Amino acid sequence: MILFTIKKTFFDMWDNLFSIFFLNIGFSLVIAVGIYILQLFTNFDLAFLCLGILIVAGIFLVYIGAASMLARDIADYKAPTFKTFFQYIKEVWKASLAFTLTIVIQLFILFGVYLYARIGNILSFLAISVLFWTSVVWWLSSQYYFPVRSRLDTKIKKIFFKSFMLFFDNTPFSIV
């Protein structure tokens, strides 16, 4: 299954090489503009810096959502265009911002690891291990979020549920 996935991806990308090239250039531009915006926030408080990081992450994840829809079109043997890219941005922005919010919540949960580590007893070690493995499962399941959004469902709650279902059904494939 893994070799078939690699083979299909190679041939789909080869047929749409220039579209993928420009899509990757767009990723680079979003990252570069995001870093530039974050540099503007360095003279301000930590709250402004966190707000800037949140805004840049939201923009980046909206771009990823639209790119995921273009990848779906490529896999369906359709030619991607810039017009459809902007339509996909309008279509996926809510799901992308919900994903950004869940990443922020996940980072706060990981901050709990630091707090429990400072306590230093056996119950805090148990809490750290639960938070760690929950985070591992979350990060491995989150790789399915945008493919599920572009293929299976548009409701945010169902997207998360199906992402976890795919992870638990295909755990070795998810790890690879």
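Look up a bit, the structure's there.
Keep in mind that what you see is a predicted model, and the values were worked out from it rather than measured. (Residues numbered from 1 in each chain as written. Predicted model: local features only at pLDDT ≥ 70, side-chain atom pairs only at ≥ 80, totals over all residues. Heavy atoms only, no water.)

S.K.: Honestly, the layout of surface pockets in this entry has me stumped. Any pointers?
M.R.: Rolled over the atoms, a probe with the dimensions of a water molecule shows which regions are left empty. The volume enclosed by the largest pocket comes to roughly 1,200 Å³. As for the largest pocket, its lining consists of 32 residues, of which T5, T9, A71, Q143 and P147 are closest to the centre. Those elements giving two or more residues to the lining of the largest pocket turn out to be α1 (2–15), α2 (17–40), α3 (46–75), α6 (145–151) and α8 (171–175). The residue makeup of the lining of the largest pocket, split by class, is 20 nonpolar, eight polar and four charged. Size it by volume and the second largest pocket reaches roughly 350 Å³. Lining the second largest pocket are C50, I53, L54, A57, L61, T100, I103, V104, L107, F108 and F111. Counting residues per element, the ones that place at least two in the lining of the second largest pocket are α3 and α4 (82–119). The leading source of residues in the lining of the second largest pocket is α4, at six residues. Here the residues of the lining of the second largest pocket are counted per class, giving 10 nonpolar, one polar and no charged. (1 Å grid on protein atoms, 1.4 Å probe; cavity = no way out; pocket = protein on both sides within 12 Å on 5 of 7 lines; lining within 4 Å. Points joined across faces, edges and corners; volume = space filled by probe spheres on them. Helix = DSSP H or I, 4+ residues; strand = E, 2+ residues; numbered from the N terminus. Nonpolar A, V, L, I, M, F, W, Y, C, P; charged D, E, K, R; others polar.)

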